[in-house]
Amino acid sequence: MNAPNKSGWKPVAPVLGELSEDGMHNGPATTTGNRALMLEEPLIFETGHAETTGVDLPEIGAGAPTRLAGFERSEPIGLVGLTEPETVRHYTRLSRQNYGIDLGFFPLGSCTMKHNPRLNEKMARLPGFADIHPLAPQNSVQGALEVIDQLATWLKTLTGMPAVAMSPKAGAHGELCGILAIRAAHTAAGNPREVVLVPESAHGTNPATAAFAGYKVDNIPATPEGRVDVEALKARLGPDVAAVMITNPNTCGLFEKDFRTIADAVHAVGGYVYCDGANFNAIVGRVRPGDLGVDAMHINLHKTFSTPHGGGGPGSGPVVFSEALAPFAPLPYVEKDDAGDYHLVEEEVVGDDHTAFGRMTAFHGQMGMFTRALTYMLSHGADGLKQVAEDAVLNANYILRSLEDILHAPFADSGPCMHEALFGDKDFGGGLSTLDLAKGLIDEGYHPMTVYFPLVVHGAMLVEPTETESKGSIDQFITAFRSLVERAKAGDETLKQAPYFAPRRRLDETAAARKPKLAWTPEE
Amino acid sequence: MRYLPLTDTDRADMLAKCGADSIDDLFVDVPAVAQLDGPIRDLPMHASEMIVERHMKALAGKNLTAENTPFFLGAGAYRHHIPASVDTVIQRGEFLTAYTPYQPEIAQGTLQMLFEFQTQVARLYGCAVANASLYDGSTACWEAVAMATRVTKRNRAVLSGALHPHYAEVVKTMAQFTGDEIADSAPAIQTEPDLEGLTSRIDENTACVVVQYPDILGRISDLSEVADAAHEKGALLVVVNTEPVALGAIKSPGEMGADIVVGEGQALGVGLQFGGPYLGLFAVRDAKHVRQMPGRLCGETTDAEGKRGFVLTLSTREQHIRREKATSNICTNSGLCALAFTTHMTLLGEKGLRQLAAENHRLACLAADRLEKVPGVKLLNNAFFNEFTLMLDGKPAREIVRDLTERGVLGGVSLGRLYPGVEALEHALLVAVTETTTVEDIEVLATELEAVIASDAAHSTAQMEPAQ
């Protein structure tokens, strides 16, 4: 059970064990498989035991009364436990095999990996927010309802939109909320319509959402300059089109300068405009989507408003609505009465003008993310948020202009980029691709940019620095990136094997999918 | 501003590199109609950490926290003690500030954690495979219905009347758009769940039957009976669990024949947080259904040197590859809540989870026995785990809950709040008891409940006197 290391990190001679050119040696293999601070860690199932626990609880008394009606569990569950010191060490060791924003530059395009302020964490953990039940009587949670209302006010004011639904759990859930409101509005008008138009460069969630809501998805091409082809879109508009879903700024990092024209054309045929707000961080505090003709837009609190991504969530995706869609917003929602009391409206009130399309989730949304996002907004204020957008855009343009001489930048002549810069791999030599450059960046100590998205550029590399990087940090990244581009263009074969210095070399994803092993099982 | 590293000199140098005279030159593509002349009005300007903290603490101070009062709320969200090390782990910056593990070579921490999480959830549920989490129990419930329609190529779902009403509402909300037919029923106030009524609604077009276990009234029913009835008609059994601690004491849904098991993982490690973020759990009993599952899956593989490692896998099911043909539109899930859950579960282990479940059940039995003795109170359940239903005399339970709150007791969740307008349910109160409940808390609830019901009875008698 407790062999020195069952994690698969076998004590073998290091790959780069030969003397390198500068005479440095990578050293011999170690008995444990560890290499100083790079510590391997087995699975809990390989070190834990069924009888070990890290929590002190009363022993189960024999003959205690039971009201389980014969449904008592008789078979073992198959879990193992660790004591507290072992648990803390297990997860600490695992954490060190992860790259996070706290560790370094994380320019993952479209994902907005900005610094997560620790004040947000502290505020979310106040017992007055963390230790209250979603179904507590409303007079006992007025402060929580006020947080939701204050955050709603910030979101409406920043977007210039009259209403907001707070309950969606993440961006894609917000998209669904928006499209369902659009469908409900069309249905109320007599016909849900059939088609949602989505640009080729859209996030995958857009077509998936539209399909989930029962719509057929038609793609709209992009122009050579990287924006929605307005003429093609106009030509496709008709009474069957329920909505268009457009990301603005778009996934090529450009502002859709004809957005207002598009919105007017869509409205003219009775359709609605859904804006994917994943990139709102580029314009927050400077541009209000409400001024551009948007009917619905989700806002990723975990992108624009700095709530942590947590290795894949939780997110939070409130959706702002225009006057036309506001009556269809889902339950529940918070209202403030004339006496200043807050109410959580959980059921339709007969006779008012609200006809909610239904309910998105069991409770009221991601409260833990609301407290963090509100803390962030209050910290920055209206002036700070404007500066956030400006610095994010400046950093991205600086990267674009510092790399365009050496790397294919398909839309470099389309005007300034917004919060992210897009490149392609067309000049790489020796069969090298974007993936190889990305893995090379790992060895240089960076998290790679977003790769192979958007689909409209070959070997796409989408670099989003965010506003929380210093110029020094960005300059160093540019230097490292340029050297990698030079190696890739020269066809440097060694890149094909990168990364060399990460906790793992390249992982075999094909084998993982061919014969999926999705849970631990004991060795035969 | 404390989060913005660029200096004015930096900005000037960088603008020069971009060939821009001012920052406005970088926003030239924004149409004039949307250009603002300064910071957005009607919002405050930036504030220091101290000032913001003061503001937030004032808001937090307006809420009655569970730890400061006898507390008996459940109905899909449960208050359990969270070991201190759980929060230490989830605040490690390498976990907290990481992204979805798209670059597995530098995300092995998240990936191995998810692999362990999937294994724990699968074993708890008695299933073969669990995914890496969904948003919460209610959305996982809808995803299960959607998956059942894909697997069976049928479009009708039969929901138990004792499924959490908010979960049922989420399913019905989604179904009205997808065109799936949802056979719903009103919950009946009775000691035993109406399984016959449920199974009689299964027909040849039924994709799945959805049953909660323990159910919204806290009852425990024989799932194998429903499983047999569903399978006989070619339908799947979807079991929903909102209290994972219960599965430390009672048989797993998989063991009883469930095909898809979903649930809310909040009770372990996550905390109440006024309803979110929570943790959707999703598992299938038979691995043959894995390619129809929604959400991320973490799988084992090897690296170029033959070392074991983990990756996200079977992503051809997912939106970023399949776009409109994906099994779900989900992208971000509940990674950090999964870390909290798995850390708590690792601390507990088999032994701890069973002890925790036993302690919950012991205290719940104590509470049920004591509360049943209160005049005007009747216990509905024969069987329960840590939550049961009381039928109260006098005023609707919703008002009794409010009266109890004024007396400093969070006494439970009224079914009147969960089922507004359903008269038959308005005198029912759901009471949840966990290891955090003390014997003194139970005594306070019994005393205050007695006082509230008695004062209501006295008030009613007074009202019967001829008025005016």
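Owing to the predicted nature of the structure, the values given are computational and were not obtained by experimental measurement.

**Quick word on the overall build of chain A**
At step 1: Secondary structure summary: chain A contains 13 helices and 12 strands in total.
At step 2: Scaling as 2.2 N^0.38, a compact globule of 524 residues should have a C-alpha radius of gyration of about 24 Å, and chain A matches this with 26 Å.
At step 3: Reported as C-alpha extents along the three principal axes, the dimensions of chain A are approximately 75 × 75 × 45 Å.
At step 4: Burial statistics for chain A: of 524 residues in total, 57% are counted as buried.
At step 5: In chain A, 73% of the contacts between residues at least 6 apart in sequence involve partners at least 24 apart.

**Notes on the overall build of chain B**
At step 1: Along chain B, the regular secondary structure elements total 14 helices and 13 strands.
At step 2: Based on the C-alpha atoms only, the size of chain B along its principal axes is roughly 85 × 60 × 50 Å.
At step 3: Taking all contacts inside chain B whose residues are at least 6 apart in sequence as the whole, residues at least 24 apart take part in 74%.

**A look at the sheet that holds strand β12 (residues 461–463) of chain A**
Residues and elements named next belong to chain A.
At step 1: Across the sheet, which stays open at both edges, the 3 strands sit in the order β10-β12-β11 with antiparallel pairing between neighbours. Among the strands making up the open sheet, the edge pair consists of β10 (421–423) and β11 (450–451).
At step 2: Sheet topology places β10 next to β12; 3 bridges connect them, and they run antiparallel. Looking across to β12, one finds that L422 is bridged to L462.

**Here we look at the interface of chain B and chain A**
At step 1: Contact residues are listed per partner, giving 170 residues for chain B and 180 residues for chain A.
At step 2: Taken together, the residues that form the side of chain B that touches chain A break down as 82 nonpolar, 53 polar and 35 charged.

**Let's talk about the domain arrangement of chain A**
Residue and element names in this part refer to chain A.
At step 1: Structurally, chain A comprises domain 1 (120–374) and domain 2 (386–511).
At step 2: Domain 1 puts 18 residues into the contact, and the matching count from domain 2 is 20 residues.
At step 3: For the side of domain 1 that touches domain 2, a count of residues per class yields 8 nonpolar, 7 polar and 3 charged.

**What about unusual backbone geometry?**
At step 1: Residue N248 of chain A is joined to P249 of chain A through a cis peptide bond whose omega torsion reads -5 degrees.
At step 2: Residue placement: P249 of chain A occurs in the loop between β4 (241–247) and α9 (259–268).
At step 3: In the segment running from G276 of chain B into P277 of chain B, the intervening peptide bond is cis, with an omega of 0 degrees.
At step 4: Position of P277 of chain B among the secondary structure elements: in the loop between β6 (260–264) and β7 (280–284).

**Details of the nonpolar core**
At step 1: Counting residues in each nonpolar core, the largest one holds 323 residues, and the members touching the most others are A181 and F321 of chain A together with V209, V210, L237 and V238 of chain B.
At step 2: Broken down by element, this core gets its largest block of residues, 20 residues, from helix α10 (residues 367–403) of chain A.
At step 3: Beyond its immediate stretch of four places on either side in the chain, L237 of chain B contacts C208, V209, V211, L223, V226, A227, A230, G257, A258 and D259 of chain B.

**Let's talk about the domain arrangement of chain B**
Residue and element names in this part refer to chain B.
At step 1: You can read the domains of chain B as domain 1 (84–345) and domain 2 (349–458).
At step 2: Facing 17 residues of domain 1, the contacting portion of domain 2 comprises 24 residues.
At step 3: Partitioning the side of domain 1 that touches domain 2 into residue classes produces 11 nonpolar, 3 polar and 3 charged.

**Comments concerning the sheet that holds strand β13 (residues 428–432) of chain B**
All names here are of chain B.
At step 1: The 4 strands are arranged β10-β11-β13-β12 in an open sheet whose pairing can be described as antiparallel. Each having just a single partner strand, β10 (377–379) and β12 (413–414) make up the two edges of the open sheet.
At step 2: Both strand β11 (residues 387–392) and β13 contribute to a ladder of 5 bridges, which runs antiparallel. Counted as the bridge partner of E387 is A432 from β13.
At step 3: Across the sheet, helix α11 (residues 335–372) is in contact with β10, β11 and β13; its angle to β10 comes to roughly 140 degrees.

**Brief notes about the confidence of the model for chain B**
The predicted coordinates of low-pLDDT regions are not to be read in fine detail.
At step 1: Residue-level pLDDT values for chain B average 95, and 98% of them are 70 or greater.
At step 2: In the predicted assembly, ipTM is 0.96 and pTM is 0.96.

**Let's talk about α9 of chain A**
Residue and element names in this part refer to chain A.
At step 1: Among all positions of α9, only F259, I262, A263 and V266 are buried. Down the axis, α9 shows its buried residues gathered within 100 degrees of arc, on one side only. Exposed residues on α9 whose side chains face more than 90 degrees from its buried face are D264 and A268.
At step 2: Residues of α9 that are buried in the fold lie against α8 (230–236), β4 and β5 (272–276).
At step 3: Where α9 terminates, the next one or two residues include G270, which has phi positive at roughly 80 degrees.

**Concerning the packing of α10 of chain A against helix α12 (residues 471–489) of chain A**
All names here are of chain A.
At step 1: The contact between α10 and α12 brings their axes to 11 Å, and the two run at 30 degrees. Classified by the angle between their axes, α10 and α12 sit roughly parallel to one another. Considering how the two elements wind past one another, α10 and α12 form a crossing that is right-handed. Facing α10, whose interface residues are N395, Y398, I399, S402 and L403, α12 presents I474, I478, F481 and R482.
At step 2: When the residues that make up the contact of α10 with α12 are grouped by side-chain class, the tally is 6 nonpolar, 2 polar and 1 charged.

**Here we look at the packing of helix α5 (residues 142–159) of chain A against α10 of chain A**
Residues and elements named next belong to chain A.
At step 1: In the contact formed by α5 and α10, the axes pass within 10 Å of each other and the chain directions differ by 55 degrees. Relative to α10, α5 is oriented oblique. Both α5 and α10 take part in a crossing whose hand is left-handed. Here α5 contributes A144, V147, I148, Q150, L151 and W154 to the contact with α10, which in turn contributes M367, F370, T371, A373, L374 and M377.
At step 2: Split into classes, the residues belonging to the contact of α5 with α10 amount to 10 nonpolar, 2 polar and no charged.

**Focus on α11 of chain B**
Residue and element names in this part refer to chain B.
At step 1: With 38 residues, α11 extends only 42 Å from end C-alpha to end C-alpha; this falls clearly short of the ideal 56 Å at 1.5 Å per step.
At step 2: Along α11, the helix axis deviates most sharply at G349, where the bend reaches about 95 degrees.
At step 3: Buried residues dominate α11, accounting for 32 of its 38 residues.

**Concerning the environment of A60 of chain B**
Residues and elements named next belong to chain B.
At step 1: Within the secondary structure layout, A60 lies in helix α2 (residues 49–60).
At step 2: What makes A60 buried here is the crowd of 23 C-beta atoms within 10 Å.
At step 3: In sequence terms A60 and E350 are 290 residues apart; their C-alpha atoms lie 36 Å from each other.

**Topic: the pairing of strand β8 (residues 298–302) of chain B**
All names here are of chain B.
At step 1: Burial analysis of β8 places 4 of its 5 residues in the buried class, the great majority of the element.
At step 2: In this sheet, strand β9 (residues 308–312) lies alongside β8 in antiparallel orientation, the contact comprising 5 bridges. Looking at β9, one finds that G299 is bridged to V311.
At step 3: Counted along the chain from β8 to the antiparallel partner β9, the turn is 5 residues long, and its residue G306 has a positive phi close to 85 degrees.

**A few points about the confidence of the model for chain A**
Residues and elements named next belong to chain A.
At step 1: Mean pLDDT for chain A: 93, with 94% of residues reaching 70 or above.
At step 2: Contacts from residues 1–5, a stretch scored under 50 in pLDDT, to residues over four places away or in other chains number 7 contacts.
At step 3: A low-confidence stretch, residues 9–17 stays under pLDDT 50, and its non-local contacts, those more than four residues away or across chains, total 19 contacts.

**A closer look at the pairing of strand β2 (residues 195–199) of chain A**
Residue and element names in this part refer to chain A.
At step 1: By the criterion of burial, β2 is predominantly enclosed, with 4 of the 5 residues buried.
At step 2: Here 5 bridges tie β2 to strand β3 (residues 216–220), and the two strands are oriented parallel to one another. When the sheet's bridge partners are listed, V196 is paired in β3 with V217.
At step 3: Taken together, β2, helix α7 (residues 205–212) and β3 form a β-α-β motif whose crossover is right-handed.
At step 4: Two strands pair when backbone bridges link them, and β2 and β4 are joined in this way by 3 bridges, in the parallel orientation. Pairing of V196 across the sheet is with A243, part of β4.

Cut-off values and rules
- Residues numbered from 1 in each chain as written.
- Chains lettered and ligands numbered in written order.
- Predicted model: local features only at pLDDT ≥ 70, side-chain atom pairs only at ≥ 80, totals over all residues.
- Helix = DSSP H or I, 4+ residues; strand = E, 2+ residues; numbered from the N terminus.
- Rg over C-alpha atoms; globule rule 2.2 N^0.38 Å.
- Buried ≥ 20, exposed ≤ 12 C-beta atoms within 10 Å, placed from the backbone.
- Contact = placed C-beta atoms within 7 Å.
- Pairing = 2+ DSSP bridges.
- Nonpolar A, V, L, I, M, F, W, Y, C, P; charged D, E, K, R; others polar.
- Domains from an automatic or database assignment.
- Core = buried A, V, L, I, M, F, W, Y, C linked by C-beta atoms within 7 Å.
- Axes fitted to C-alpha atoms, helices over the stretch in contact; angles between N-to-C directions.
- pLDDT = per-residue confidence, 0-100.
- Arc of directions from axis to C-beta.
- Parallel < 35°, antiparallel > 145°, perpendicular 65-115°, else oblique.
- Left-handed = near helix turned anticlockwise from the far one by under 90°.
- Expected span 1.5 Å × (residues − 1).
- Bend = angle between axes of the 7 residues up to and from the residue.
- Right-handed = clockwise from strand over helix to strand, strands pointing away.

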